[in-house]
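# Observations on the model geometry
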Amino acid sequence: DGKTMDYADVSNTFVRLADTHFVQRCPLVPETPESPEAPPPPAPTLVIDEKDMYVVPRLNLVGKGKRRRSCDEEENGERKAKKQKQDGESSEPPPDDGIYWQVNIDRFHQHFRDQGIVSAVANRMDQTSSEIVRTMLRMSEVTTSSSAPYTQPLSSNEIFRSLPAGYNIVKQVLDQYLTLLADDPLEFVGKSGDSGGGMYTVSILQVKRRFEDFSAPPPSRFRPLIRSPLPRRFGSRCARIFRLLLRKKHLEQKQVEDFAMIPAKEAKDMLYKMLSENFVALQEIPKTPDHAPSRTFYLYTVNVPSSARMLLHRCYK
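Residues numbered from 1 in each chain as written. Predicted model: local features only at pLDDT ≥ 70, side-chain atom pairs only at ≥ 80, totals over all residues. Heavy atoms only, no water.

### Structural notes on unusual backbone geometry
So the rule is basically this: Going along the chain from the N terminus, every DSSP run of H or I of four or more residues is numbered as a helix, and every run of E of two or more is numbered as a strand. Partly exposed describes any residue whose relative accessible area lies between the buried limit of under 20% and the exposed limit of over 50%, with all areas from a 1.4 Å probe on protein chains only and scaled to the type maximum.
Positive phi outside glycine occurs at His21, with the angle close to 70 degrees. Checked against the element boundaries, His21 lands in the loop between helix H1 (7-19) and strand S2 (23-25). Accessibility expressed as a relative area gives 16% for His21, which makes it buried.

Put into structure tokens, the structure is as follows:
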């Protein structure tokens, strides 16, 4: 940590936090003239001018240089003496009197989201592609709302000039990377025009949808994998019945015959064939506690996790 701190370093760091919108001014109570006729509202309405939300007032800090952060008695005495001396020299309020600051939570959420996008691009493509996307996000982090579906359009020339100094790639290579990103099926980057060497945006909404699809419950991701071997193993009609059960969740044998438009004998054989190999399951719903077959519903369904585990074990064999 260290025990010294420079006023200039603290001031510059705070200004950078305000310029990048990580901190913002707190709303204030507007000054309204008191009227004896109208009673004051039960709760004041806080207001803030958007153009002043991230403006840091210029301060003339007294006592430049290093300031110790230790709290011994000698330094406390020096601080009190300096404060009394300053109060005696000037009675004017400081420029930031009445201005309070707060952390911009939405901006931090946007920053973490951008980090996730950069990491996803690095895993999908390579480090250079992720650095290009990082540059695009950094250029539009202040001008793009946290709820916007995509960033502000940026030209290829602007992106090239804003790349970090460590990435010594020529303009032609940058254009190739941008074309690859725009043509990728995941659609991390979209092309919105041809001016300035090509206008590109980061498709935030599309990336968010991809993340949601990836983080969906396992059954929704396993369904295409389970369906794929059915046509080769049992035929197209069995695959039709299986898709029908996935969509309808639970069906009786008669309902399967009607919905799939397959004769009763064939539908019965196909269901029993898939049941014997654990692709479908049979669920009993009794009308009475004695579980009498005549008073029990037999519903066919697909237990997706169980079927996925069965296919996985077959692959291991």
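### Some details on the packing of helix H11 (residues 253-260) against helix H12 (residues 264-276)
Test applied: A fitted line through C-alpha atoms represents every axis, and for helices the fit uses only the stretch in contact; the resulting angles, taken between N-to-C directions, go from 0 to 180 degrees. Roughly parallel means an angle under 35 degrees; roughly antiparallel, over 145; roughly perpendicular, 65 to 115; everything else is oblique. Whether a crossing is left-handed or right-handed is set by the direction in which the near helix is turned from the far one by less than a right angle, anticlockwise for left-handed and clockwise for right-handed. Contacts were defined at the residue level, with two residues in contact if any of their heavy atoms lie within 4.5 Å.
Across the interface, H11 lies against H12 with an axial gap of 10 Å and an inter-helix angle of 115 degrees. Taken together, the axis directions place H11 and H12 in an arrangement best described as roughly perpendicular. Helix-helix and strand crossings are classified by hand; for H11 and H12 the assignment is right-handed. Where H11 abuts H12, its residues Gln253, Val256 and Glu257 lie against Ala264, Ala267, Lys268, Leu271 and Tyr272.

### Re the environment of Asn157
Mapped onto the secondary structure, Asn157 falls in helix H5 (residues 156-162). A relative accessible area of 31% places Asn157 in the partly exposed class. It is 6.3 Å that separates the C-alpha atoms of Asn157 and Gly197, two residues lying 40 residues apart in sequence. Those residues within four positions of Asn157 in sequence are excluded, and the remaining contacts are Lys171, Gly196 and Gly197.

### Description of the packing of aromatic side chains
How two aromatic rings sit relative to each other is set out by the distance from centre to centre and by the angle between their planes. Spelled out, the test is: Stacked, edge-to-face and tilted labels apply to pairs of Phe, Tyr and Trp rings (six-membered ring for Trp) whose centres lie within 6.5 Å, assigned for plane angles under 30 degrees, over 60, and everything in between, in that order.
Under the criterion given, the structure shown has four aromatic pairs. Between Phe14 and Trp101, the aromatic rings sit 5.1 Å apart at their centres with planes inclined by 90 degrees, giving edge-to-face as the arrangement. Of this pair, Phe14 sits in helix H1 while Trp101 sits in strand S4 (residues 101-103), placing them 87 residues apart in sequence. Here Phe14 falls in the partly exposed class, since its relative accessible area comes to 28%.

### Comments concerning helix H3 (residues 105-124)
The cut-off we apply is this: The length a helix should cover is 1.5 Å for every residue beyond the first. To obtain the arc, one takes the directions from the helix axis to the C-beta atoms.
A rise of 1.5 Å per residue sets the reference length of H3, with its 20 residues, at 28 Å; its end C-alpha atoms lie 29 Å apart and thus fit the reference within 8%. Within H3, burial applies to Arg107, Gln110, Asp114, Ile117, Val118, Ala120 and Val121. Buried residues along H3 cover an arc of 160 degrees about the axis, so they all sit on one side.

### What about the pairing of strand S7 (residues 199-202)?
Strand residues, when the strand is regular, have side chains that alternate between the two faces of the sheet. Here is the rule: Pairing between two strands is assigned when DSSP locates at least 2 bridges connecting them.
Residues Met199 and Thr201 point to one face of S7 and Tyr200 and Val202 to the other, with burial holding for every one of them. Note: strand S5 (residues 154-155) against S7, two bridges, orientation antiparallel. Bridging across to S7, Ser155 finds its partner in Met199. Relative to S7, strand S6 (residues 189-193) is paired through four bridges, and the arrangement is antiparallel.

### Description of the environment of Gln172
With respect to the helices, strands and loops of the structure, Gln172 is situated in helix H6 (residues 171-183). Sequence separation between Gln172 and Phe160 is 12 residues; the distance between their C-alpha atoms is 9.9 Å.

### Focus on the nonpolar core
Soluble, globular proteins show a tendency: their nonpolar side chains are buried together. The criterion, for reference: Among buried residues, the Ala, Val, Leu, Ile, Met, Phe, Trp, Tyr and Cys ones that are joined through side-chain atoms within 4.5 Å form a nonpolar core.
Judged by nonpolar contacts, the single largest core of 26 residues is most densely connected at Ile241, Phe242, Leu245, Met274 and Phe279. Contributing elements (two or more residues each) for this core: helix H9 (230-234), helix H10 (236-248), H11, H12 and helix H13 (304-316). Here the element with the most residues in this core is H10; it accounts for seven residues. Beyond its immediate chain neighbours, meaning those up to four positions away, Leu245 contacts Leu251, Val256, Leu271, Val280, Tyr300 and Val302. Core analysis: the next-biggest nonpolar cluster, separate from the first, contains 22 residues, Val118, Met136, Leu154 and Tyr200 among them.

### With respect to the packing of H10 against H12
Each packed pair of helices is defined by two parameters, the angle between the axes and the distance between the axes. Condition: By the convention adopted, Pro, Cys, Tyr, Trp, Phe, Met, Ile, Leu, Val and Ala count as nonpolar, Lys, Arg, Asp and Glu as charged, and the other residues, Gly among them, as polar.
Two elements in contact, H10 and H12, have axes whose closest approach is 10 Å; the angle formed by their N-to-C orientations is 75 degrees. With respect to H12, the element H10 is oriented roughly perpendicular. Side by side, H10 and H12 meet where Arg237, Cys238, Ile241, Phe242 and Leu245 of the first sit next to Glu266, Ala267, Met270, Leu271 and Met274 of the second. Looking at the contact of H10 with H12 residue by residue, the classes come out as eight nonpolar, no polar and two charged.

### Section: the pattern of salt bridges
Formally: Salt bridge, as used here, is a side-chain nitrogen of Lys or Arg placed within 4 Å of a carboxyl oxygen of Asp or Glu.
Following the criterion strictly, the structure yields eight salt bridges and no others. As a salt-bridge pair, Lys254 and Asp258 come within 3.1 Å of each other at their nearest N and O atoms. Pair noted here: Lys254 and Asp258 are both in helix H11, with a separation of four residues, about one helical turn. Residue class for Lys254 comes out exposed when judged on its relative accessible area of 51%. Residue class for Asp258 comes out partly exposed when judged on its relative accessible area of 46%. We note a salt bridge from Lys265 to Asp269, for which the minimum N-O separation is 3.5 Å. Of this pair, Lys265 and Asp269 both sit in helix H12, separated by four residues, roughly a single helical turn. Look at Lys265 and you get exposed, because its relative accessible area is 64%.

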